[in-house]
Number of protein chains: 2
Amino acid sequence: MEPTPTRARRIPVNVRDVVVQDPFWGPRQELLRTRTLAAQYDQLVATGRLGALALTWTPGSEEPTPHPFWESDIAKWLEAASYVLGTHPDAALEAKVDGVIAALAGAQGEDGYLNVYFTVVAPGQRFTDLRDAHELYSAGHLIEAGVAHHEATGRTTLLVVVTRLADLLCREFGPGGAHHGGYCGHEEVELALVRLYRVTGERRYLDLALTFVDARGTQPHYFELEHGRRGTPGFFGEHFPQREQRRREFEEYNQSHLPVREQTEVVGHAVRAMYLYSAMADLAAETGDDGLRAACERLWTHLTTRRMYVTGGIGDSRHNEGFTRDHALPNETAYAETCASIGLVFWASRMAGLTGRATYVDVLDRALHNGVIAGVSADGQRFFYENPLASDGTVERADWFDCACCPPNLARLEASLGSYIYATSPDAVAVDLYIGSTLTADVAGARIRLRQETAGPGADRVVLRVAAAAPATWSLLLRAPSWARSVSVGVNGGPPDGVAPVGADGYVRLRREWADGDTVEIRFEVDVRRVHASTLVAADAGRVALTHGPFVYCLEGIDLDVPAHAVVLGESTPQPRATPSGVVPDLAGPAWGETRGRADLDALYFTERAPRTEIAVTAVPYHSWNNRGRSTMAVWLREA
Amino acid sequence: MEPTPTRARRIPVNVRDVVVQDPFWGPRQELLRTRTLAAQYDQLVATGRLGALALTWTPGSEEPTPHPFWESDIAKWLEAASYVLGTHPDAALEAKVDGVIAALAGAQGEDGYLNVYFTVVAPGQRFTDLRDAHELYSAGHLIEAGVAHHEATGRTTLLVVVTRLADLLCREFGPGGAHHGGYCGHEEVELALVRLYRVTGERRYLDLALTFVDARGTQPHYFELEHGRRGTPGFFGEHFPQREQRRREFEEYNQSHLPVREQTEVVGHAVRAMYLYSAMADLAAETGDDGLRAACERLWTHLTTRRMYVTGGIGDSRHNEGFTRDHALPNETAYAETCASIGLVFWASRMAGLTGRATYVDVLDRALHNGVIAGVSADGQRFFYENPLASDGTVERADWFDCACCPPNLARLEASLGSYIYATSPDAVAVDLYIGSTLTADVAGARIRLRQETAGPGADRVVLRVAAAAPATWSLLLRAPSWARSVSVGVNGGPPDGVAPVGADGYVRLRREWADGDTVEIRFEVDVRRVHASTLVAADAGRVALTHGPFVYCLEGIDLDVPAHAVVLGESTPQPRATPSGVVPDLAGPAWGETRGRADLDALYFTERAPRTEIAVTAVPYHSWNNRGRSTMAVWLREA
């Protein structure tokens, strides 16, 4: 963990090496394993996605018409299932996985090509519509699935398939290839190729990722050249008849408005942006490319100081599923796609690895425990695509979506949670997230196990237990979370004493010879925070959000006699109150409620203010809203 | 003005019989006459709308392709120009009008049909797509123009043309006609036919209007029958591929979800709704149809207690250019189409005529002086289509629109303003709006002139002067506006003394023998009102709007050091301050401004509230915003 000026400071942790045993996350992963994966598999079957791999669709047939990005949904499910298999052997699940892999292998062409749409629906149109058709995006997800399956299970059945696909891409898009200079309108394949490079050691995959990233936004613009060659409006052309007139906007949509090294503002489709920046951070980490690193840091600053919801939601507009303007963070119409927050976790994790700085993990922690997991219901079977921060009571989760990116994306993130809890370097282990779990790692030449015990995210006490065959000297880095006022640390039974010093990187550093049986007790000073937004954010003016630990809270109408927007918080701040589940507390306390009763229905406008009466309010974690039916909701509360 | 149980209590005033001489409205009408009409005529030429009447378009020709509702833009301009000619003879304008009328006559078919699109672009498709193609809507505007031209100028050149068109409609859509049972997807022709009936006395036009109104929303649904016969998705089919799946929503869009007499909620496209309800009120007034009257009263209550902005803007969503849910009145994204407020003026005026109640005029007054005239810039040449009640500084008026309904609609309303100021019945004159003007009318058998002198809308003093050849006994009804705390009245030099009694109808009634030279002095107690919304309106929670007279006020960033949303109003209410123009006062006073300065740019979230400093604020009339460049704007101000 010593400073190196350019390359990554940390090595990603294999998901197989971390077992999650957390009061909050354990049951969620169990739900994922026992319910969500099965439900999502059924959706893949019911919607025809899996059946399409038989390549039996013909024009006019009864089968649903395959879509260019159906493989991406299959791949994300495979990725999630693979992670689960990595820590929870499950013969039935493994059989499903093997069946899907066999179907994918059967759908692959002689030359390695794998995309049902361009095989049976639009043969001959392969790689002619990179801007719209998600062809390389789907390939990227397949590659990620192959890497994940191999990393988690040690098997190569899917890795072989996706390596043949990746080799085809190298031939087609590498130097001298027929489509050299091209890149995908939806980024994803770039970061997938870096992952494939890491698992195979084959440099050509890294090179192709860099080729894709650096081709993006250069002139002459590839999408214009492609459009000219193709002579048709493209897969989404009918949806955007005005694309030619609003060229800059549509280039920003997929981050191709400028070469990536010249980009300074996060723009366009939020998921696309996150996947691109993740690949840029990966490439900077692998190659020591300071230009890409500097671009990432600029873009990060822009995102987090101008365009990010307090929940870690990003992309305020449904219009472009993305960003619009600085400080445009409307609450009721917030798009804040679940996948975009997941993408933010990806990028933040990579920035933390690249820089070794805890500030990135603070954002990851916030996004993960709010914007991401709000995407799934408590029963693991209903999903939010959009995650507004206020509701008039009409919003609720859905079973599935035509564009089904979010549910399997959530699944793969939750299933791979372990890889975000820790990070390692040759002589250090960093604890990034305070989530009950056990890490197995090689550090300073020794194999160790590190067990983390906690009452759940945001708990004020964490105990770490070291198990090691032999003593070794290494650094234990404990993230000082932004949600704790202070951190205290005690080693081997000594009670935490005083406030531990926090380094410039945001970590408490314990460097010593660690031996089997060593324990570390960490205490956090955690309180309910009243958070205020920049005065430039119109939507939050005069409002306050409540946070405790990594959780952002909200009011739900179901707990109130007035709509959530009619609550006014006074001087008194709601305080933690244990819940039946006993894991994440609610916040309870007095506030004011405004109502005129029946008069509010009989007229719209009055010359008198509505009377306020004291009411008891209970704020619940944002991620848990809409689990008790539809009602009004507000994260940002009015303040007296 | 004696009560009659069903039929209209009042007779519409011919626009020719009122000359506007008002410090506020006079210059606006002058601008319309000298600039706007010419600019809009130029747009009709430049966009090809007038040229299309030559019927020279052929497939592949260089000419712009005519659109099915181009005639409606021409017609609204003709209507506006006719009103102007009614009180301001202008040879050049008359020549333009005559030229356009001649072109329309030339484009009319032998059988009376008049629509360029269905003559040259889609011949043979006449009346096959009533739902989408605006064909009867365009016909309705032509009929209105013909009536207006005749009423204002006494000439019949256009009336002859539109009567032939209306007769064709009677043949096609009346009993036994080939398209009997059909009605238009955009209401308008119904109210136009009532106007044509009033000016011609031909009962068949009234009957056809009633036929259209009563066919609407009946089963089997005409638009479904038509769709089946046509077998194509229709003119807007490509825009709404999901229309079949969301049938109820798309039926609500054009108010065909239920028979009109069963409708209880204002739904769908706001302009369509207003034109329908206007026709229903007209028919109730002409026929004494209590069912239609009751439906109108129910719908009015719903609109004004649940779905109307404080500015008289209506239709909150861009999505359907219309209504969504009760109390959904977002400010920054308010659609509040200029045409919809104009439609509200039409409907309110008819409801006032039907019932004789001032409450309808209160809404008319509010819409007219805010939601309607915000639609045009101070120079009369730029237009708002949407009228948000808050802006982040990116909103501004445009020169023209592809769908150019609003500018000429504004023109015809402003040009016909005189007809809204007064209403008459056989032995009464009602003063509805306090706008400087002179009315010529026959009342109680005598011709009188009534001159109204005021410093402008919302002024606290109005003088009325009667000129009459002979004394006569009739009632003078003075509306007690909702914006005045009280009304005092003095006759013939006696100073207004005490508070005049206001009748249940909302008018002060002076019944006496009026003689030449009689004067009435009216004093209003006018103050700045702090208006609060129903607590069910989330967007306005904790906020206050300022009104004075009929005007709603707003803050503009150009007058502030902080964005408008960062202003907090304290106990002190801004007070009227004379402006250089001297007509409508600004409101000025102290308030609080919130800012952290540079820090608000460097971070998004803080644990401390932003500091407040006292600032001086100036609120300007809402209609006048964005006349000094783009900046932030807010109608609803935060309240300490």
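Because the structure is a prediction, the values reported are computed rather than measured.

Overview of the relation of the copies chain A and chain B
And then number 1: Relative to chain B, chain A is turned by 180 degrees and slid 0.0 Å along the rotation axis, the superposed coordinates differing by an RMSD of 0.0 Å. The superposition of one copy onto the other is thereby described by a two-fold rotation axis. Looking at the rotation axis and the C-alpha trace of chain A, the residue lying nearest is Ala640(A), at 3.7 Å.
And then number 2: Take the interface residues of chain A: 100% of them recur as interface residues in chain B, which is what a same-surface contact looks like.

So, helix α15 (residues 406–415) of chain B
And then number 1: In terms of residue burial, α15(B) counts as a mostly covered element, since 10 of its 10 residues are buried.
And then number 2: Of the residues making up α15(B), those classed as buried are Cys406(B), Pro407(B), Pro408(B), Asn409(B), Leu410(B), Ala411(B), Arg412(B), Leu413(B), Glu414(B) and Ala415(B).

Side note on unusual backbone geometry
With the exception of glycine, the majority of residues adopt a negative phi angle, and the majority of peptide bonds are in the trans configuration.
And then number 1: Note the cis peptide between Gln219(A) and Pro220(A), where omega equals -5 degrees.
And then number 2: As for its placement among the helices and strands, Pro220(A) is situated in the loop between α8 (203–215) and α9 (222–230).
And then number 3: Look at Gln255(B): it is not a glycine, yet its phi comes out positive at around 55 degrees.
And then number 4: Its place among the elements puts Gln255(B) in the loop between α10 (247–253) and α11 (270–287).
And then number 5: A relative accessible area of 0% places Gln255(B) in the buried class.
And then number 6: Of note in this structure, Ala336(B) is not a glycine but carries a positive phi near 45 degrees.
And then number 7: By secondary structure assignment, the location of Ala336(B) is in the loop between α12 (290–306) and α13 (338–355).

Concerning helix α7 (residues 189–200) of chain A
Residues and elements named next belong to chain A.
And then number 1: Under the 1.5 Å per step criterion, the end-to-end length of α7 is 16 Å for 12 residues, consistent within 8% with the ideal 16 Å.
And then number 2: Counting buried residues along α7, 9 of its 12 residues qualify, which places the element largely inside the surrounding structure.
And then number 3: Considered for burial, the residues of α7 that qualify are Val-189, Glu-190, Leu-191, Ala-192, Leu-193, Val-194, Arg-195, Leu-196 and Tyr-197.
And then number 4: The secondary structure elements touched by the buried residues of α7 are α2 (70–87), α5 (135–153), α6 (157–173), α8, α11 (270–287) and α13 (338–355).
And then number 5: Once α7 finishes, Gly-201 follows within two positions and takes phi at roughly 75 degrees, a positive value.

Observations concerning the UniProt feature "domain: Non-reducing end beta-L-arabinofuranosidase-like GH127 middle" (unreviewed entry) in chain A
And then number 1: The UniProt record annotates "domain: Non-reducing end beta-L-arabinofuranosidase-like GH127 middle" (unreviewed entry) at residues 429–525 of chain A.
And then number 2: Helix makes up 0% of residues 429–525 of chain A and strand 60%, whereas the separation of the span's terminal C-alpha atoms amounts to 23 Å.

Observations concerning the interface of chain A and chain B
And then number 1: In this assembly, 49 residues from chain A lie in contact with 49 residues from chain B.
And then number 2: Between chain A and chain B the total buried area reaches about 3,800 Å² when both faces are included, carbon and sulfur atoms providing 54% of it.
And then number 3: Of all residues in chain A, Thr535(A), Leu604(A) and Tyr605(A) give up the largest surface area on contact with chain B, accounting jointly for 21% of the area buried on that side.
And then number 4: Applying the counting rule to chain A against chain B returns 4 salt bridges.
And then number 5: Note that Asp392(A) is salt-bridged to Arg325(B), the shortest N-O span being 2.6 Å.
And then number 6: Linking chain A to chain B there are 20 residue pairs in polar contact (both at pLDDT 80 or more).
And then number 7: Residue contributions to the side of chain A that touches chain B peak at 5 residues, all from strand β12 (residues 529–533) of chain A.
And then number 8: Per-class residue counts for the side of chain A that touches chain B are 21 nonpolar, 11 polar and 17 charged.
And then number 9: Pairing geometry for strand β18 (residues 605–606) of chain A and strand β12 (residues 529–533) of chain B, over 2 bridges, is antiparallel. Within β12(B), the residue paired with Phe606(A) across the bridge is His532(B).

Conventions and cut-offs
- Every chain is numbered on its own, with residues counted from 1 as its sequence reads.
- Written order decides the labels, with chains lettered from A and ligands numbered from 1.
- The model is predicted, so local features are restricted to residues of pLDDT at least 70 and side-chain atom pairs to those at 80 or more, both for listing and for counting; the totals for chains, interfaces and linings are taken over all residues.
- Note: side-chain values were computed over all heavy atoms of the structure, leaving out hydrogens and water.
- Overlaid copies result from least-squares superposition on C-alpha atoms, with residues included only where pLDDT is at least 70 in both.
- The contact definition used throughout considers only heavy atoms, calling two residues in contact when any of these lie within 4.5 Å.
- Think of it in three bands: residues with accessible area under 20% of the maximum for their type are buried, residues over 50% are exposed, and the middle band is partly exposed, with areas taken using a 1.4 Å probe on protein chains only.
- Only DSSP runs of H or I with at least four residues qualify as helices, and only runs of E with at least two residues qualify as strands; both kinds are numbered from the N terminus onward.
- By this rule, a helix spans an expected 1.5 Å times one less than how many residues it contains.
- UniProt positions are given in the numbering used here, feature names are shortened, and annotations may be inferred rather than shown by experiment.
- When two parts are put together, the accessible area they lose, computed with a 1.4 Å probe and summed over both, is reported as buried area.
- Within this document, salt bridges are pairs made up of a side-chain nitrogen of Lys or Arg and a carboxyl oxygen of Asp or Glu, the two lying within 4 Å of each other.
- In protein, a polar contact means a hydrogen-donor-capable atom and an acceptor-capable atom, both N or O and within 3.5 Å, with residues adjacent in sequence counting only if both atoms are side-chain atoms; elsewhere, any N or O pair within 3.5 Å suffices.
- For this scheme, ten residues count as nonpolar: Ala, Val, Leu, Ile, Met, Phe, Trp, Tyr, Cys and Pro. Four count as charged, namely Asp, Glu, Lys and Arg, and the remainder, Gly too, count as polar.
- Here a strand pair is declared whenever DSSP counts at least two bridges between the two strands.

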